[in-house]
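# Descriptive structure summary
Now for the letters of each chain:
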Amino acid sequence: MEKTDILAKLPGAFTESALRQEMITHGKFITVNKDDTIVREGQFLDFLPIVITGEIRVFQQKEDREILLYYVREGQTCMMSLSAAYFSQTSTSYGVATKPSEIFVFPTRLVNEWQLKYSSWNAFLIQTFRSRYDELLGSFESVAFDPIDKRLLTYLKNWAQKENSPKIVISHQNLAYELGTTRVVVSRILKGFEQQGKVKLFRGYIQLK
């Protein structure tokens, strides 16, 4: 890939030309498919990912349940990976692509060095921690104070709004993973929603009314 092509793909937040040149020198682009695992729990991270296109789902897994932490979208990086890089620790979460994605990766040894040298990189890291903190706090409040049926209905409505379609293509098991509960609980609540006329259940998808 030509240098000009690489520069065009990097997030515009990185304003210093010297930083962008260092990113070209030390980094590389990788492409992953949907459901590819990019980071595993317990993995020692020697790279930091920045999503160029696509999306990464970051979560923790406990027995048969998953706890969704957040999504890493275009122009963003992973706070959990940053934390592991800062303290030379292994990852405490998984990162899995939700769709075909292009990711820029570079050595974690440069994270601290760039923070001291480049103000735009420092601002990027601070914004990453702040936005993830807000997301995690919102998730905690929802789990702590909202009943599971309300959280499920809100999730379905947000999906429909995002995709501009009432057809929600997701399995009951994956819904359970998103909400940190079990498939049995999700199926029971959805059946109740159907009886109340809020949704229509089909094999492989849910129709929001």
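Residues numbered from 1 in each chain as written. Predicted model: local features only at pLDDT ≥ 70, side-chain atom pairs only at ≥ 80, totals over all residues. Heavy atoms only, no water.

## Details of the pattern of salt bridges
The tally for this structure, following the rule as stated, stands at 9 salt bridges. K191 is the salt-bridge partner of E194, the closest N and O atoms lying 3.3 Å from each other. Of the two residues, E194 and K191 are both situated in helix 8 (residues 183-195); the distance of 3 residues between them amounts to about one turn of the helix. Look at the salt bridges and you will find they share partners, linking E22, E113 and K117 into a network. (Salt bridge = Lys/Arg side-chain N within 4 Å of Asp/Glu carboxyl O. Helix = DSSP H or I, 4+ residues; strand = E, 2+ residues; numbered from the N terminus.)

## Regarding the sheet that holds strand 9 (residues 199-202)
In space, the 3 strands of this open sheet follow the order 8-10-9, with antiparallel pairing throughout. Strands with a single pairing partner mark the edges of an open sheet, and in this sheet they are strand 8 (167-168) and strand 9. In this sheet, strand 10 (residues 205-208) lies alongside strand 8 in antiparallel orientation, the contact comprising 2 bridges. Its bridge partner lying in strand 10, K167 is registered against Q207. (Pairing = 2+ DSSP bridges.)

## Here we look at the UniProt feature "domain: HTH crp-type" (unreviewed entry) in the protein chain
Within the UniProt annotation, "domain: HTH crp-type" (unreviewed entry) is assigned to residues 146-209. Between the end C-alpha atoms of residues 146-209 there is a gap of 22 Å, over a span that is 58% helix and 16% strand. (UniProt positions renumbered as here; feature names shortened; annotations may be inferred.)

## Description of the packing of aromatic side chains
Scanning the entire structure with this criterion turns up 13 aromatic pairs. When the centroid spacing of 5.4 Å and the interplanar angle of 15° are considered together, the rings of F59 and Y94 count as stacked. Taken together, the residues F59 in strand 4 (residues 56-62) and Y94 in strand 6 (residues 94-97) connect sequence positions 35 residues apart. For the pair formed by F59 and Y94, the shared burial category is buried. Relative to F87, the ring of Y86 lies with its centre 6.5 Å away and its plane at 55°, an arrangement referred to as tilted. Residue classification places Y86 among the partly exposed positions, given a relative accessible area of 24%. Ring-pair connections join several aromatic residues into one group, and the members of that group are F14, F29, F104, F106, W114, W121 and F124. Here R57 stacks its cationic end above the ring of F59, 4.8 Å away from the centre of that ring. (Phe/Tyr/Trp six-rings, centres within 6.5 Å; stacked < 30°, edge-to-face > 60°. Buried < 20%, exposed > 50% of the residue type's maximum accessible area, 1.4 Å probe, protein only. Lys NZ or Arg CZ within 6 Å of the ring centre and 35° of its normal.)

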